[in-house]
Amino acid sequence: MASNPLSSPHAASAQDAVSTPLLRCFIDGAWVETARTFDNINPVNGRLISRVCEADRDTVNAAISAANRAAKGGWRGTSVTERAALLHRIADGIEQRFDDFVAAEVADTGRPVHQARTLDVARGIANFRTFADLIKTASSEMFESTAPDGAKILNYVVRKPLGTIGIISPWNLPLLLLTWKVAPALAMGNCVVAKPSEETPSSATLLAEVIQAAGLPNGVFNLIHGFGPDSAGQFLSTSPHIDAITFTGESRTGSTIMKAAAEGVKEVSFELGGKNAAVVFADADFDAAVAGVLRSSFTNSGQVCLCSERVYVERSIFDRFVAALKDRTEQLRIDFPQAEGVDMGPLVSHAHRDKVLSYYRLAREEGAIIVTGGGVPVFGDERDQGAYAQPTIITGLSDTARCTREEIFGPICHIAPFDTEDEVIARVNDSPYGLAACVWTTHLSRAHRVAAQFETGIVWVNTWFTRDLRTPFGGTKLSGMGREGGRYSMDFYSEISNICIRL
Ligand SMILES: NC(=O)c1ccc[n+]([C@@H]2O[C@H](COP(=O)([O-])OP(=O)(O)OC[C@H]3O[C@@H](n4cnc5c(N)ncnc54)[C@H](O)[C@@H]3O)[C@@H](O)[C@H]2O)c1
Ligand SMILES: O=C/C=C/C=C(\O)C(=O)O
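Since we're looking at a predicted model, the values are computed, not measured.

**Here's the deal with the site of ligand 1**
Point 1. Looking at ligand 1, there are 31 residues lining it, with Ser-169, Glu-198, Thr-253, Leu-272 and Glu-407 nearest.
Point 2. One nitrogen or oxygen atom from the main chain of Ser-169 is found 2.8 Å from an oxygen atom belonging to ligand 1.
Point 3. Side-chain polar atom of Trp-171 to an oxygen atom of ligand 1: 2.9 Å apart, as the coordinates give it.
Point 4. Coverage of ligand 1 by the protein amounts to 92% of the 850 Å² it exposes when considered alone.

Listed below in structure tokens is the structure:
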């Protein structure tokens, strides 16, 4: 098991003086305990990691009031240079406590240590550095025109802080997805009330410690812990005193939050679910495509919103591709997060594994062929108390089966053959979701042609989850609303005003 990451004074133990840390909320620059706590469980072995203070309505309101006060205070007036320096200090702080952050992510999620190092924590740092650098180089639009009487008119655009931003994030990439919103929100001069997932409170708590140490003014960043319905998530998203909500999570939750936001006509940004497709043409670099689909299906045990759950392979290479992917999948090492060469840890929780396993059963009921996996690995050690599931490949389902239409969010993909380019484009687009798609081909014009026709916010050609943080990121249809990244984040986290001057 990971060494306990939560060794700082802010995680001091209250109820269990011996060892179980208590994670507190961070409000107006102070650590706040609440009456109710919930357990944070390690999915590797079912053991208790920490107890977490659940923010009740009064606590959430206190966090929002603190942010509102700070928003009216000096923060919005800080210079870009000062804010950029603070963001870099936060990035430095994460770097200085790199191993604590890695251990926190690993303990909460069971993900491989090397993934936490190279993806999660590295991106947490990059998110702060990227937006610090972006605001220093940002420009704005200017339009010159002529008034009816011939006078010269100058229009220019300014970005002002929105005020208080409510941030609600999921458990699948906890630090990455939280900082992806916190960094630009602060960069644009806003104050923040952030609620991480109840499944993954640890790295967010460390982030609050780092932010406190970096010297952000009190109330600019506030952290509340808790659940969604009838808990901190609902109290935050239904408050009339926040100015915008940015949310990453399930489409259904996004819809609930949107109803709450409609009441006050709040700005929303949603990064939601997916049922992403990977398309492999016969002209693809075969080995690269197999390796790519292996990654895009099973990284983080399939718990990345961008993972491929629908794989379409051109019929002439279908059997060979399925056999090769099966072979590679059966070589994946499912192990403790700290094990040398580990490829996959458990799912995030037993509850989530129950959901994923219900789809493994449904696949059989719907008539799927189980090519590999379809169950739970047996280890003969404490991992048997964990939330592990086998990486699973299925074939033989129609495009109307529930397993090929609904997001499963686990280590499973369905592979189907296709015959023509037009056919596969139509099948990929026949989905209520539209987050990301991958194309594997060496045919240059086909790559452009096909990519342009996918109804998704993101298309990767001969790669997957390769990110440039300046690019627009988000989904169409049930996969989201709006785009974040680079100037798209700068726009969302700002009130954009046009100033028109008659010269
Ligand atoms: N498009 C993207 O960029 C992206 C990225 C990551 C994850 N996701 C999606 O997230 C989902 C997995 O995450 P999850 O299970 O944590 O999602 P979830 O919607 O259950 O929870 C996400 C967050 O919302 C909170 N929440 C739940 N109900 C709420 C309510 N009624 N009001 C306010 N807050 C509420 C939760 O406590 C949590 O903090 C998958 O569907 C995945 O595709 C999308
Ligand atoms: O699980 C979803 C992954 C989302 C990734 C990002 O939001 C990103 O890379 O910025």
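**A look at the UniProt feature "domain: Aldehyde dehydrogenase" (unreviewed entry) in the chain**
Point 1. Feature annotation in UniProt places "domain: Aldehyde dehydrogenase" (unreviewed entry) on residues 31-498, given in this structure's numbering.
Point 2. As annotated, residues 31-498 has a helix share of 40% and a strand share of 21%, and its two end C-alpha atoms lie 40 Å apart.

**Some words on the nonpolar core**
Point 1. Formed by 125 residues in total, the largest nonpolar core has its most connected members in Ile-90, Phe-221, Leu-306, Phe-321 and Ile-415.
Point 2. Looking at this core, you find at least three residues from each of domain 1 (56-272 + 479-502) and domain 2 (276-468).
Point 3. Excluding anything up to four places from it in sequence, Leu-306 contacts Asn-276, Leu-435, Ala-436, Ile-458, Trp-460, Trp-464, Phe-465 and Phe-473.

**Quick look at the domain arrangement of the chain**
Point 1. Taken domain by domain, the chain holds domain 1 (56-272 + 479-502) and domain 2 (276-468).
Point 2. The straight-line distance from the C-alpha centre of domain 1 to that of domain 2 is 31 Å.
Point 3. Here domain 1 packs against domain 2, burying approximately 1700 Å² in sum over the two surfaces, 57% of which is carbon and sulfur.
Point 4. Linking domain 1 to domain 2 there are zero salt bridges.
Point 5. When contributions to the side of domain 1 that touches domain 2 are tallied by element, the ones reaching two or more residues are α3 (98-109) and α4 (113-137).
Point 6. Per-element tally for the side of domain 1 that touches domain 2: the top contributor is α4, with five residues.
Point 7. Residue composition of the side of domain 1 that touches domain 2, grouped by class: eight nonpolar, seven polar and five charged.

**Brief notes about a nonpolar patch on the surface**
Point 1. Nonpolar side chains collect at one region of the surface, where Ile-499, Ile-501 and Leu-503 lie side by side and expose about 250 Å² of accessible area between them.
Point 2. Residue placement: Ile-499 occurs in strand β23 (residues 494-502).

**Section: the site of ligand 2**
Point 1. Surveying the vicinity of ligand 2 reveals 13 residues, the closest of which are Arg-123, Asn-172, Cys-305, Arg-467 and Phe-473.
Point 2. In this structure, an oxygen atom belonging to ligand 2 sits 2.6 Å away from a side-chain N or O atom of Asn-172.
Point 3. Within the contact set of ligand 2, an oxygen atom lies 2.6 Å away from a side-chain nitrogen or oxygen of Arg-467.
Point 4. In isolation ligand 2 offers 300 Å² of accessible surface; the protein chains occlude 99% of this area.
Point 5. Of all the elements, helix α5 (residues 174-187) adds the most residues to the shell around ligand 2, at three residues.
Point 6. Class assignment for the residues of the shell around ligand 2 results in nine nonpolar, one polar and three charged.
Point 7. The residue makeup of the shell around ligand 2 includes at least three contributed by each of domain 1 (56-272 + 479-502) and domain 2 (276-468).

**Digging into the sheet that holds strand β19 (residues 436-440)**
Point 1. Taken together, the seven strands give an open sheet; going across it, the order is β15-β16-β17-β14-β13-β19-β20, and neighbouring strands pair in mixed fashion. At either margin of the open sheet sits one strand with a lone partner, and together these are β15 (369-372) and β20 (458-461). Ignoring which end each strand starts from, the neighbouring axes of this sheet average 25° apart.
Point 2. Both strand β13 (residues 276-280) and strand β14 (residues 308-314) contribute to a ladder of five bridges, which runs parallel. Within β14, the position partnered with Ala-278 by the bridge is Val-311.
Point 3. Its contacts with the sheet place helix α10 (residues 318-330) against β13, β14, β15, β16 (392-395) and β17 (412-418), and it is angled at close to 165° to β17.
Point 4. Packing against the sheet, helix α13 (residues 421-429) makes contact with β13, β14 and β17, and its axis sits at approximately 150° to β17.

**Quick look at the pattern of salt bridges**
Point 1. Tallying each qualifying case throughout the model produces 32 salt bridges.
Point 2. Across the salt bridge formed by Arg-427 and Asp-399, the nearest N and O atoms sit 2.6 Å from each other. One end of the pair, Arg-427, is in helix α13; the other, Asp-399, is in the loop between β16 and α12 (402-405), with 28 residues separating them in the sequence. The same class applies to Arg-427 and to Asp-399, which are both buried.

**Here we look at the UniProt feature "active site" (unreviewed entry) in the chain**
Point 1. What UniProt calls "active site" (unreviewed entry) maps, in this numbering, to Glu-271.
Point 2. For Glu-271, the position within the fold is in strand β12 (residues 267-271).
Point 3. Among residues more than four places away in sequence, those in contact with Glu-271 are Trp-180, Lys-181, Phe-247, Thr-248, Gly-249, Phe-473, Ser-479 and Glu-484.
Point 4. There is a polar contact of 3.3 Å between the side chain of Glu-271 and the side chain of Trp-180.

**Some thoughts on the pairing of β13**
Point 1. Among the five residues of β13, five are classified as buried, and the element is accordingly described as predominantly covered.
Point 2. Alternating residues of β13 divide into Asn-276, Ala-278 and Val-280 and Ala-277 and Val-279, and every residue in both groups is buried.
Point 3. Traced from β13 through helix α9 (residues 286-298) to β14, the parallel crossover comes out right-handed.
Point 4. Inspection of the sheet shows β13 paired to β19 by four bridges, in the parallel sense. Opposite Val-280, over in β19, you have Trp-440 as the bridge partner.

**Quick word on the packing of α4 against α5**
Point 1. One way to put it is that α4 packs onto α5 with a least axis distance of 8 Å and a crossing angle of 15°. The orientation of α4 relative to α5 falls into the category roughly parallel. Like other packed secondary-structure pairs, α4 and α5 cross with a definite hand, here right-handed. Where α4 approaches α5, its residues Leu-119, Asp-120, Val-121, Arg-123, Gly-124, Asn-127, Phe-128, Phe-131 and Ile-135 are matched on the opposing element by Leu-175, Leu-176, Thr-179, Trp-180, Val-182, Ala-183, Pro-184 and Ala-187.

**A few points about the sheet that holds strand β1 (residues 22-23)**
Point 1. Here three strands make up an open sheet; going across it, the order is β1-β5-β4 and the pairing mixed. Where the open sheet ends on each side, the last strands, each with one partner, are β1 and β4 (37-41).
Point 2. Note that β4 and strand β5 (residues 48-53) share five bridges and pair antiparallel. Within β5, the position partnered with Phe-38 by the bridge is Val-52.

What counts and how
- Residues numbered from 1 in each chain as written.
- Chains lettered and ligands numbered in written order.
- Predicted model: local features only at pLDDT ≥ 70, side-chain atom pairs only at ≥ 80, totals over all residues.
- Heavy atoms only, no water.
- Near = heavy atom within 4 Å.
- Polar contact = N/O pair within 3.5 Å; in protein donor to acceptor, adjacent residues only side chain to side chain.
- Areas by Shrake-Rupley, 256 points an atom, 1.4 Å probe, with all protein chains shown as cover.
- UniProt positions renumbered as here; feature names shortened; annotations may be inferred.
- Helix = DSSP H or I, 4+ residues; strand = E, 2+ residues; numbered from the N terminus.
- Core = buried A, V, L, I, M, F, W, Y, C linked by side-chain atoms within 4.5 Å.
- Buried < 20%, exposed > 50% of the residue type's maximum accessible area, 1.4 Å probe, protein only.
- Domains from an automatic or database assignment.
- Contact = heavy atoms within 4.5 Å.
- Buried area = accessible area lost by both parts, 1.4 Å probe.
- Salt bridge = Lys/Arg side-chain N within 4 Å of Asp/Glu carboxyl O.
- Nonpolar A, V, L, I, M, F, W, Y, C, P; charged D, E, K, R; others polar.
- Patch = residues over 30% accessible without salt bridge, like charges linked within 9 Å, V, L, I, M, F, W, Y side chains within 5 Å.
- Pairing = 2+ DSSP bridges.
- Axes fitted to C-alpha atoms, helices over the stretch in contact; angles between N-to-C directions.
- Right-handed = clockwise from strand over helix to strand, strands pointing away.
- Parallel < 35°, antiparallel > 145°, perpendicular 65-115°, else oblique.
- Left-handed = near helix turned anticlockwise from the far one by under 90°.

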